[in-house]
Amino acid sequence: MDSQSLKKSTFKRLLGYIKPYKLAFAVAVIGMIGYAGVDTLFFSQIETLIDEGLTKQDPTILLYGGIFVPVFFIIRGLFNFASTYFLNWVGFKVVTRMRQQLFDHLMKLPVAFHDQHSTGDLISKITYDTQQVAEASSRALLVLIREGAFVIGLLGLMFYQSWQLSLVFLVVGPLIAKVVAVVSKRFRTVSSRIQTAMGNVTTTAEQMINGHKVVVMHEGQNAESKRFSEINNITRNQNMKLVNTRAISTSVIQFIASLSLAMVLVIASYPQMLESLSAGAFTTLLTAMIMLLRPLKQLTNVNSDFQRGIAAATSVFTILDEPVEVDNGTKVVDRVKGDIKLENVTFAYNEGDEPALQEISFNLSEGKTIALVGRSGSGKSTISSLLTRFYDVNDGQILLDGHNIKDYKLKCLRRQFALVSQHVTLFNDTIANNIAYGAGRSVSRDDIIQAAEQAYVTEFTDSMPNGLETMVGENGVMLSGGQRQRIAIARALLQDAPILILDEATSALDTESERHIQQALGALRKDRTSLVIAHRLSTIENADEILVMDDGRIIERGSHSDLLEQEGAYYQLYNLQFSGG
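Residues numbered from 1 in each chain as written. Predicted model: local features only at pLDDT ≥ 70, side-chain atom pairs only at ≥ 80, totals over all residues. Heavy atoms only, no water.

- In the annotation of an unreviewed UniProt entry, the entry for the protein reads Lipid A export permease/ATP-binding protein MsbA, and the organism field reads Idiomarina seosinensis.
- On record in UniProt, under Subcellular location (unreviewed entry), the comment for the protein is "Cell membrane". (UniProt positions renumbered as here; feature names shortened; annotations may be inferred.)

What follows is the structure, given as structure tokens:
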């Protein structure tokens with residue numbers, strides 16, 4: 001799609017957002033046209049004032065003028081209020097709706113999309129880009145309609161006074177249009193660059209804030225400051241380019257308009273022209289021409305606002321057009337038994353990449369526990385991402401209770417799994433609400449307390465002044481790793497899913513915490529099918545089967561004692577961990 005048709009389709013789509021508020025928008029348009037109409041009417045009375053009031057010295061004309069001027073301005077003020085208020089009301093409604101759509105859509109996008117896009121860039125689209133759509137478009141429409149109507153009114157007034165002199169203005173019209181067209185292209189390019197630069201500003205700031213401890217520890221302040229300064233300067237440069245383009249184009253257009261004004265004065269100097277124009281008519285004509293310069297300037301500036309709004313809308317629509325997670329499943333069950341079967345599963349994260357998993361097959365029967373061990377990057381965590389369909393297999397299939405997991409509705413499928421990983425995500429809320437998050441049903445206070453007790457959460461909350469009502473801070477910064485982990489286990493207990501995935505759930509814990517968490521995990525694994533991805537081999541000795549993975553393949557399988565007897569890869573890993581090494 002070329003840039004022109006893309007711009008048209010974006011504009012059409014934007015108009016679709018205004019549709020539900022067309023009544024308020026219509027009031028705003030009437031207000032804008034009324035405002036321009038009152039101004040034009042005001043200037044049209046100059047002729048009467050000069051010819052009748054001053055030249056013929058009629059005092060009643062001047063008296064009426066004194067009465068009507070305040071009335072004019074009251075009416076003008078009412079039109080101004082109606083247009084500004086209702087246009088902004090529509091603008092904010094549009095931005096609120098667009099933000100909500102964007103937020104909701106981002107939640108529906110597949111994990112792969114989020115893995116490939118920086119958080120800062122996406123936040124910038126929700127905050128900055130949507131705001132630009134409303135601000136730029138509202139301001140552009142206000143100027144376009146109000147000043148446009150004023151220009152038409154003034155031109156009408158000029159032609160009424162002297163069509164011969166007014167024709168000069170029509171000659172310069174195509175020249176102005178050409179300048180506007182050239183400048184438009186430039187505005188659109190620069191606006192698009194400003195959006196990218198703003199995304200980078202947000203990303204860099206977010207990385208520094210999230211990694212503040214690392215920055216301070218490694219004395220990275222200067223490096224971060226330098227990186228931010230470079231990105232900050234790019235944003236400034238792009239904004240200055242926009243200002244330059246706007247300033248030059250305004251000056252050029254005003255110069256073209258001034259040439260036409262000069263031509264009018266030259267033509268008016270001919271005796272036959274001077275005879276046909278009264279002092280009032282000539283003053284009105286001249287005033288109208290001079291007054292035309294301001295709206296013309298604003299109309300050329302409106303172009304930059306409009307292009308900025310279009311560029312921002314294009315950026316937002318690009319995300320809204322991203323395909324959501326594929327969910328063609330129709331099977332819905334309340335609770336599965338928990339039989340899992342992987343048949344020759346092969347998977348690569350990106351096309352052309354080395355497979356993260358190659359022909360993986362194993363059975364995990366109801367109520368049993370399988371442990372996956374192996375070096376980092378051997379494909380252990382990828383299996384849990386495939387089971388919950390964060391990603392879909394390239395070859396082979398995964399069966400749950402004998403049905404392909406693609407046959408289940410996504411919500412139903414994910415409800416069958418409780419996932420406890422080493423990266424615990426907590427929300428800036430109370431401990432109790434964090435435990436209850438995602439329970440999928442209404443839970444009582446007693447249910448929360450019971451889960452907290454089973455996961456040994458109450459052991460540390462009892463000593464806190466607010467107990468389970470303690471706020472955890474952003475992503476649980478007020479809590480230790482072990483405490484966060486116990487909250488995650490309490491959450492999983494409350495979720496009461498038939499299948500449990502433990503992804504290196506104890507890897508970051510001290511011995512004291514680990515003992516508690518092992519007991520909590522014991523309670524959690526009871527009567528559940530469990531897949532344990534382990535870093536510490538001591539946590540999986542009692543698993544029904546252990547799969548040793550390397551480079552995306554299963555290289556050994558068996559019970560703990562069987563694998564030790566084989567003296568293979570598992571034996572080496574075990575000795576490495578327990579020989580004090």
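Resuming the write-up.
### Topic: the packing of aromatic side chains
Aromatic rings in a pair are described by how distant their centres are and how their planes are angled relative to each other.
Inference 1: All chains considered together, the criterion is met by ten aromatic pairs.
Inference 2: Here Phe-81 and Tyr-85 contribute two aromatic rings whose centre-to-centre distance is 5.6 Å and whose plane-to-plane angle is 15 degrees, an arrangement assigned as stacked. Residue Phe-81 and its partner Tyr-85 are both found in helix α4 (residues 59-108); the two are separated by four residues, about one turn of the helix.
Inference 3: By relative accessible area, Tyr-85 is classed as partly exposed at 44%.
Inference 4: Plain terms: the ring middles of Phe-347 and Tyr-349 are 4.9 Å apart, the flat faces sit at 80 degrees to each other, and that makes the pair edge-to-face.
Inference 5: For Phe-347, a relative accessible area of 2% puts it in the buried group.
Inference 6: Taking relative accessible area as the criterion, Tyr-349 reaches 37% and is therefore assigned partly exposed.
Inference 7: In this structure, Arg-146 packs its charged tip against the face of Tyr-35, placed 4.2 Å from the ring centre. (Phe/Tyr/Trp six-rings, centres within 6.5 Å; stacked < 30°, edge-to-face > 60°. Helix = DSSP H or I, 4+ residues; strand = E, 2+ residues; numbered from the N terminus. Buried < 20%, exposed > 50% of the residue type's maximum accessible area, 1.4 Å probe, protein only. Lys NZ or Arg CZ within 6 Å of the ring centre and 35° of its normal.)

### Concerning the sheet that holds strand β10 (residues 553-558)
Hydrogen bonds between backbone groups are what pair the strands of a sheet, and the pairing can be parallel or antiparallel.
Inference 1: Spatial strand order, β6-β7-β8-β3-β9-β10: six strands in an open sheet with mixed pairing. Only two strands of the sheet have a single partner each, and these edge strands are β6 (417-421) and β10. The average undirected angle you get between the axes of adjacent strands in this sheet is 15 degrees.
Inference 2: Contacts from helix α12 (residues 380-387) reach β3 (369-374), β6, β7 (499-503), β8 (529-533) and β9 (545-550), with the element oriented near 145 degrees to β8. (Pairing = 2+ DSSP bridges. Axes fitted to C-alpha atoms, helices over the stretch in contact; angles between N-to-C directions. Contact = heavy atoms within 4.5 Å.)

### Some thoughts on the UniProt feature "transmembrane region" (unreviewed entry) in the protein
Inference 1: Per the UniProt record, "transmembrane region" (unreviewed entry) is found at residues 21-43, 63-90, 140-159, 165-183 and 247-270.
Inference 2: The distance from the first to the last C-alpha atom of residues 21-43 is 34 Å, and the span holds 96% helix and 0% strand.
Inference 3: Taken end to end, residues 140-159 comprises 100% helix and 0% strand; its first and last C-alpha atoms sit 27 Å apart.

### Section: the sheet that holds strand β1 (residues 340-347)
Inference 1: Here four strands make up an open sheet; going across it, the order is β2-β1-β4-β5 and the pairing antiparallel. Edge positions in the sheet fall to β2 (357-364) and β5 (403-404), since each of these pairs with one other strand and no more.
Inference 2: Sitting on the sheet, α12 is in contact with β1, β2 and β4 (395-400), with an inclination near 115 degrees to β1.

### Things to note about the side chain of Thr-369
Inference 1: Within the secondary structure, Thr-369 is located in strand β3.
Inference 2: Taking the relative accessible area as the measure of exposure, Thr-369 reaches 10% and is therefore buried.
Inference 3: Not counting residues up to four positions away in its chain, the partners in contact with Thr-369 are Leu-364, Arg-525, Ser-530, Val-532, Ala-543, Asp-544 and Glu-545.

### What about the pattern of salt bridges?
Inference 1: Within this structure, the stated rule accounts for twelve salt bridges.
Inference 2: Of the charged contacts in the structure, one is a salt bridge between Asp-321 and Arg-13, with a shortest N-O distance of 2.9 Å. A residue pair is termed long-range when its members are at least 10 positions apart, and Asp-321 in the loop between α11 (279-320) and β1 and Arg-13 in helix α1 (residues 3-18) qualify at 308 residues.
Inference 3: Residue Asp-321 is classed as partly exposed on the basis of its relative accessible area of 49%.
Inference 4: When its relative accessible area of 33% is taken as the criterion, Arg-13 is described as partly exposed.
Inference 5: With its nearest N and O atoms 2.8 Å apart, the salt bridge here joins Arg-389 to Asp-392.
Inference 6: Classification of Asp-392 as partly exposed rests on a relative accessible area of 30%.
Inference 7: Sharing partners across several salt bridges, the network here consists of Arg-335, Asp-496 and Arg-528. (Salt bridge = Lys/Arg side-chain N within 4 Å of Asp/Glu carboxyl O.)

### Focus on the environment of Lys-125
Inference 1: Relative to the elements of secondary structure, Lys-125 occurs in helix α6 (residues 119-161).
Inference 2: Along the chain, Lys-125 and Thr-202 lie 77 residues apart, while their C-alpha atoms are 9.9 Å from each other.
Inference 3: Discounting residues that sit within four places of it in the chain, Lys-125 has contacts with Leu-102, Thr-130, Ser-315, Val-316 and Ile-319.

### Topic: the environment of Ser-229
Inference 1: The residue Ser-229 is located in helix α9 (residues 221-268) in this model.
Inference 2: Each C-alpha atom, one on Ser-229 and one on Val-201, is 9.4 Å from the other, the two residues being 28 residues apart in sequence.

### Things to note about the packing of helix α2 (residues 22-44) against α6
Inference 1: Relative to each other, α2 and α6 sit at 30 degrees, their axes nearing to 9 Å. Crossing hand, α2 versus α6: right-handed. Residues Phe-25, Val-29, Met-32, Ile-33, Tyr-35, Ala-36, Asp-39, Thr-40, Phe-43 and Ser-44 of α2 touch α6, and the partners they reach there are Leu-141, Leu-142, Ile-145, Arg-146, Ala-149, Phe-150, Gly-153, Leu-154 and Leu-157.
Inference 2: Across the contact of α2 with α6, the residue classes break down as 14 nonpolar, three polar and two charged. (Left-handed = near helix turned anticlockwise from the far one by under 90°. Nonpolar A, V, L, I, M, F, W, Y, C, P; charged D, E, K, R; others polar.)

### Considering the pairing of β1
Inference 1: Where β1 lies against β2, five bridges are found, and the strand directions are antiparallel. Note on β2: the bridge partner recorded for Leu-342 is Phe-362.
Inference 2: Where β1 and β4 come together, five bridges link them in antiparallel fashion. Looking at β4, one finds that Thr-346 is bridged to Asp-395.

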